[in-house]
Amino acid sequence: MIEARALARTFTGRKGREKTEVVAVAGVDLSVDEGEIVGFLGPNGAGKTTTLRMLTTLLRPTSGTATVAGFDVARDPVEVRQRIGYVSQSGSTSPEARAGEEVVDHGLLYGISKAQAEARGRELFEQLDLDGLWERQPKAMSGGQRRRLDIAMGLVHDPSLVFLDEPTTGLDPQARANLWEHIADLRDKRGRTVFLTTHYLDEADALCDRILVIDQGMIVASNTPDALKREVSGDLIMLELVDPSRAGDAAERLKAAGSTEPEIDGASVQARVPGAGSVLAGLLRSLDSVGVELASIDVRRPTLDDVFLTVTGRSLREGA
Ligand SMILES: Nc1ncnc2c1ncn2[C@@H]1O[C@H](COP(=O)(O)OP(=O)(O)OP(=O)(O)O)[C@@H](O)[C@H]1O
């Protein structure tokens, strides 16, 4: 559904007399299959929006190619636009217009008839829990309702692929979870493909079939959330010792069990192992055999934030 090869964009500006160049996207390769929900993650300024704007034909690539819904973004932008929906970060509703009117107007913009737009719009209102809000002004809607209205506008011409730029930013947890269900329905009930950017790791984890991580304009990781967590980080084993002077011995035992270099902080010793399940019993026996007593042991499965930290060197939360 999406194929990008070495897609790049440089912005040229001026600083006084000097010409400056910002490489926003340095060369992105990505592919998205039909019926997938793919999450596009990255720290601030990593190049997410610029990539999205190139894929939706709003911005011309400096170099590289991208095919979206079967058409080249640079050669056939009109064909691409007919087949995609784009829901931007800021939303596109005007606060004064009536919600239904907005959706119909949007359909007209895409060249479908008024009758078609109205029929599709009413169907989408029902599917997106916007029943009874056709005549309502967006300014009198809740944040979650407004985001769902934005999505209705992005879907009115029945695109097979939808781009959502940070769809749940600013919503409360309940409205976010509700929107996740609607986004999952696009795939499950309608077979649509969804490409979304997000700053929320829990969102990517809960919703996405696959995650792409972009950093400094390059894709640095791409896989299912579970595989990323397995591949990149490993499980964290946290030992709390009764006697802090035995921390060195505990670290040795951890390393012998195949861990990364252990971190020692007083009586706490922690390190990562590829799969805690298969080493834990042996580790406990080996600690016991050298007389290292434990006050507690804790094992934490890797989170997407650990993945992010490993591949970008930063926590996504720091930048969000
Ligand atoms: N029109 C422009 N002119 C000059 N530089 C730009 C322009 N648009 C983006 N950039 C720069 O390109 C880089 C990538 O920006 P982009 O908006 O794609 O990042 P992002 O990953 O979407 O960030 P955020 O998470 O903050 O939205 C940044 O350094 C940004 O300052």
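These figures come from a predicted structure and were not determined experimentally.

### Some remarks on the nonpolar core
- In this structure, F125, L164, I183, L196, L207 and I211 are the most contacted members of the largest nonpolar core, which totals 43 residues.
- The greatest single-element share of this core, amounting to six residues, is contributed by helix 6 (residues 173-188).
- Contacts of L164, omitting those with residues within four sequence positions, involve V87, I151, I183, V194, F195, L196 and T197.

### A look at unusual backbone geometry
- Phi is positive for A6, which is not a glycine, with a value near 50°.
- Structurally, the position occupied by A6 is in strand 1 (residues 2-15).
- Of note in this structure, D129 is not a glycine but carries a positive phi near 55°.
- With respect to the element layout, D129 can be found in the loop between helix 4 (114-127) and helix 5 (143-155).
- Residue classification places D129 among the partly exposed positions, given a relative accessible area of 43%.

### With respect to the sheet that holds strand 2 (residues 18-32)
- Strand order across the open sheet formed by four strands is 2-1-4-5, with antiparallel pairing between neighbours. Across the chains shown, the open sheet's two edge strands, defined by having one partner strand only, are strand 2 and strand 5 (71-72).
- Alignment of strand 1 against strand 2, held across eleven bridges, turns out to be antiparallel. Each residue of the ladder has a partner; that of T10, found in strand 2, is V23.
- Packed on one face of the sheet, helix 1 (residues 48-55) meets strand 1, strand 2 and strand 4 (63-68) and runs near 115° to strand 1.

### A short note on helix 10 (residues 276-289)
- Taking 1.5 Å as the rise per residue, helix 10 with 14 residues should run 20 Å; its terminal C-alpha atoms sit 19 Å apart, in good agreement.
- Looking only at helix 10, the buried set comprises A276, V279, L283, S286 and L287.
- Elements that come into contact with the buried residues of helix 10 comprise strand 11 (235-241), helix 9 (247-256), strand 13 (268-273) and strand 14 (294-300).
- Phi turns positive, to about 75°, at G291, one or two residues after helix 10.

### Digging into the packing of helix 4 against helix 5
- Remark: helix 4 packs on helix 5, axes separated minimally by 10 Å, with the N-to-C direction vectors making an angle of 145°. Helix 4 and helix 5 meet at a crossing whose hand is right-handed. Across the interface between the two elements, R120, L124 and F125 of helix 4 pack against L149, A152 and L155 of helix 5.
- Looking at the contact of helix 4 with helix 5, its residues break down into five nonpolar, no polar and one charged.

### Topic: helix 5
- Compared with the 18 Å implied by 1.5 Å per residue over 13 residues, the 19 Å span of helix 5 between its first and last C-alpha is a close match.
- Taking burial as the measure, the 13 residues of helix 5 include eleven buried ones, the bulk of the element.
- Within helix 5, the full set of buried residues consists of G144, Q145, R147, R148, L149, D150, I151, A152, M153, G154 and L155.
- Those residues of helix 5 that are buried are in contact with strand 6 (84-87), helix 3 (99-109), helix 4, strand 7 (161-165) and helix 6.

### A short note on the domain arrangement of the chain
- The domain architecture assigned to the chain consists of domain 1 (2-229) and domain 2 (235-301).
- Centre-to-centre separation of domain 1 and domain 2, based on C-alpha positions: 45 Å.

### Considerations on a nonpolar patch on the surface
- Side chains of L284, I297 and V299 sit close together on the surface and give an oily, nonpolar patch of about 200 Å² of accessible area.
- Its relative accessible area of 34% is what places I297 among the partly exposed residues.

### Details of the pattern of salt bridges
- Using the criterion set out here, one finds 21 salt bridges in the structure.
- Between D226 and K229 there is a salt bridge; the shortest N-O distance is 3.8 Å. Taken together, the residues span about one helical turn, with D226 and K229 both in helix 8 (residues 225-233) at a distance of three residues.
- Using a relative accessible area of 49% as the deciding quantity, one classes D226 as partly exposed.
- Linking D235 and R301 is a salt bridge whose minimum nitrogen-to-oxygen distance equals 3.1 Å. Of this pair, D235 sits in strand 11 while R301 sits in the loop between strand 14 and helix 11 (304-312), placing them 66 residues apart in sequence.
- Given the relative accessible area of 58%, R301 is considered exposed.
- Through salt bridges with shared partners, a single network forms among R120, E123, D158, R190 and R192.

Parameters at a glance
Residues numbered from 1 in each chain as written. Predicted model: local features only at pLDDT ≥ 70, side-chain atom pairs only at ≥ 80, totals over all residues. Heavy atoms only, no water. Core = buried A, V, L, I, M, F, W, Y, C linked by side-chain atoms within 4.5 Å. Buried < 20%, exposed > 50% of the residue type's maximum accessible area, 1.4 Å probe, protein only. Helix = DSSP H or I, 4+ residues; strand = E, 2+ residues; numbered from the N terminus. Contact = heavy atoms within 4.5 Å. Pairing = 2+ DSSP bridges. Axes fitted to C-alpha atoms, helices over the stretch in contact; angles between N-to-C directions. Expected span 1.5 Å × (residues − 1). Left-handed = near helix turned anticlockwise from the far one by under 90°. Nonpolar A, V, L, I, M, F, W, Y, C, P; charged D, E, K, R; others polar. Domains from an automatic or database assignment. Patch = residues over 30% accessible without salt bridge, like charges linked within 9 Å, V, L, I, M, F, W, Y side chains within 5 Å. Areas by Shrake-Rupley, 256 points an atom, 1.4 Å probe, with all protein chains shown as cover. Salt bridge = Lys/Arg side-chain N within 4 Å of Asp/Glu carboxyl O.

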